[in-house]
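# Examination of the molecular architecture
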Amino acid sequence: MKKFLVVIERKPSFTGNFIQGHREFLQNLKEIQTLFIAGSFEDQTGGAYVIGADSLEEARATVAKDPMNQDNECVYKVKEWNAN
């Protein structure tokens, strides 16, 4: 299983309406042992999390289910990460 870094940047139009769903989504990933670590940026501009997946396509499909991954809310970037 590979690791993927998901970086989230809030847009100026960010409402915060999906934060609770986002937290529940991350909790579910943690419960199924797909989520390694997650957190917000101190300056409240977004956050990041690390997930496990077999491919970039699988990681992107997982991230697409994140309730906060909305065009008018945030920009999500998914990168394969060679972290130890």
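Per chain, the residues get numbers from 1 upward, laid out in the order the sequence is written. Local features in a predicted model are, by the rule used here, given only for residues with pLDDT of at least 70; side-chain atom pairs are given and counted only at 80 or more, and totals for whole chains, interfaces and linings are based on all residues. Calculated side-chain values reflect all of the structure's heavy atoms, with hydrogen atoms and water omitted.

This part covers the side chain of His22. Counting through the fold element by element, His22 comes out in helix H1 (residues 19-31). Residue exposure (1.4 Å probe, protein chains only): buried if accessible area is under 20% of the type maximum, exposed if over 50%, otherwise partly exposed. Overall, His22 belongs to the buried group, its relative accessible area being 10%. Each polar contact in these results corresponds to two N or O atoms within 3.5 Å; when the atoms are within protein, one needs to be able to donate a hydrogen and the other to accept it, and residues that are neighboring in sequence are counted only if both atoms are side-chain atoms. Reaching out from His22, the side chain makes a polar contact with the side chain of Asp66 at a distance of 2.9 Å. The contact criterion used throughout is that any non-hydrogen atoms of two residues lie within 4.5 Å. Sequence-distant contacts of His22, defined by excluding residues within four places in its chain, comprise Ile8, Tyr49, Asp66, Pro67, Met68 and Tyr76. A run of H or I in DSSP becomes a helix once it reaches four residues, and a run of E becomes a strand once it reaches two; helices and strands are each numbered from the N terminus.

Take the layout of surface pockets next. Any residue with an atom within 4 Å of a point lines the site, the site being either a cavity, points on a 1 Å grid over the protein atoms alone where a 1.4 Å probe fits but cannot get out, or a pocket, an open set with protein on both sides within 12 Å along at least 5 of 7 lines. Grid points are joined across faces, edges and corners, and a volume is the space filled by probe spheres set on the points. Approximately 380 Å³ is the volume attributed to the largest pocket. What lines the largest pocket is a set of 20 residues, and nearest its centre among them are His22, Arg23, Leu26, Gly39 and Ser40. Of all elements in the fold, only strand S1 (2-10), H1, strand S2 (35-40) and strand S3 (46-53) reach the threshold of two or more residues within the lining of the largest pocket.

A positive phi angle is found at Gln33, which is not glycine, with a value near 60°. With respect to the element layout, Gln33 can be found in the loop between H1 and S2. Accessibility expressed as a relative area gives 67% for Gln33, which makes it exposed.

Before going further, it helps to examine the sheet that holds S3. When DSSP locates at least two bridges between a pair of strands, those strands are taken to pair. Spatially, four strands are ordered S2-S3-S1-S4 in an open sheet, and the strand pairing comes out antiparallel. The sheet terminates laterally at S2 and strand S4 (74-80), the two strands that pair on one side only. Across the sheet, the mean angle from the axis of one strand to that of its neighbour is 15°, orientation sign disregarded. Bridge count for S1 against S4 is seven bridges, and the pairing is antiparallel. Lines fitted to C-alpha atoms define the axes, with helix axes restricted to the stretch in contact, and inter-axis angles between N-to-C directions lie between 0 and 180 degrees.

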